[in-house]
Amino acid sequence: MTTARTAAPARVRFAGFGARFAVAAGLMLPVLPVDASAQVQGQIQSQTQGQAPAAVPVQAPAQAVLAGGKLEAKYEASLAGIAVGKGQWAIDINEDQYSATASGGTAGLLKAFAGGSGSGQSTGRVVAGALVPSNYQAVTTSAKKSETIKMLITPGYVKEFSIEPEPPLDPEKIPITDAHRRNVIDPMTGSLMRVGGTGELLTPDSCRTAASIFDGRMRYDLKLDYKRMESVKAEKGYRGPAIVCAVYFTPIAGYVPDRAAIKYLAAQRNIEVTLVPIAGTRVLVPYRMVVPTPLGVAMLEATEFVTTPAPAKAVAKTN
């Protein structure tokens, strides 16, 4: 009897965490601060970092201007080696605008314990090569509830945002102020990392960046740093070089400081994302994401990654 009583809560905690991770992974939200159980147990072993090889050149063809590209990708999410979800991602970037649409949900045995699904979309303009979001929406559904987050964004400022149904006020949360809505981007746009300049895309400097994210509920910062280069091979589509970046999560507002899951994520030094380019652009996107958790390593990895460039414009020659 004792074994039965202790095993059930563990299974429930696994199912709940796995469902939230699976849906978040399907939406391609970078290091989403999931509300894991406070009764966390176990330690995650540090991952060995390899030596950094030379950068791999990935350059635009000579005498051509990058006109944009598309991505059609499918992902699988696992937790402690067990499949927990699937997702798909479609990205379209052209000269003056972009869109990213994602959907995902639980899969396998987990679906029987804690089913969930989600969809999301981010749209915006391309200004001087930079991705400037204008609208963001995310819908998540579980057995207990459905929630919709919407944001209207002017350059660098979340003008309007809403959560439906409106969550109850939690006095323990650090409140979101007007200042927290400035100089930020949405989480999906935050997953699209543009590399400036005209040189090589996959270099250590490409990882050395940061983003200020507001997801309609929480304001947080993500800092990236270089870890290593490697080669990846999807079952369908992309095969080639990739860059692996360390990811460091810092919560700013909209969260409960004593929440165990937030403290855990903020303390992690082994979160990493593997990035590859969208053909025809200077944008890198996640091919794989690894997040240590108290229940084991959570991983999101592409099974299909089909990327195609838009027709390039010829550069006018002058004498």
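Since the structure is predicted, the reported quantities are computational estimates derived from the model, not experimental observations.

Rules of the game
- Residues numbered from 1 in each chain as written.
- Predicted model: local features only at pLDDT ≥ 70, side-chain atom pairs only at ≥ 80, totals over all residues.
- Heavy atoms only, no water.
- Pairing = 2+ DSSP bridges.
- Helix = DSSP H or I, 4+ residues; strand = E, 2+ residues; numbered from the N terminus.
- Core = buried A, V, L, I, M, F, W, Y, C linked by side-chain atoms within 4.5 Å.
- Buried < 20%, exposed > 50% of the residue type's maximum accessible area, 1.4 Å probe, protein only.
- Contact = heavy atoms within 4.5 Å.

Moving on to the pairing of strand S7 (residues 146-154). The pairing of strand S6 (residues 130-142) with S7 spans seven bridges and is classified as antiparallel. Bridging across to S7, Gln-137 finds its partner in Lys-150. Linking two consecutive strands that pair antiparallel, namely S6 and S7, is a turn of three residues. Pairing between S7 and strand S8 (residues 157-164): seven bridges, direction antiparallel. Bridging across to S8, Ile-153 finds its partner in Val-158. Linking S7 to S8, which pair antiparallel, is a turn of two residues; within it Gly-156 sits at a positive phi near 80°.

Turning our attention to the nonpolar core. Judged by nonpolar contacts, the single largest core of 62 residues is most densely connected at Leu-71, Trp-89, Ile-91, Leu-192, Ile-243, Val-285 and Phe-305. For Val-285, the contacting residues outside a window of four places in its chain are Leu-71, Trp-89, Ile-91, Ser-191, Leu-192, Thr-274, Leu-275, Val-276, Ile-278 and Phe-305.

Moving on, we come to the pairing of strand S3 (residues 82-93). Both strand S2 (residues 69-79) and S3 contribute to a ladder of eleven bridges, which runs antiparallel. Following the sheet pairing, Tyr-75 is matched in S3 by Gly-87. The turn linking S2 back onto S3 is made up of two residues, and Ala-80 within it adopts a positive phi angle of 55°. Pairing of S3 with strand S4 (residues 97-106), which is carried by nine bridges, proceeds in the antiparallel orientation. Its bridge partner being in S4, Asp-92 is matched across the sheet by Ser-99. If you look at the hairpin formed by S3 and S4, you'll find three residues sitting between the two strands.

This is a description of form; function is not addressed.
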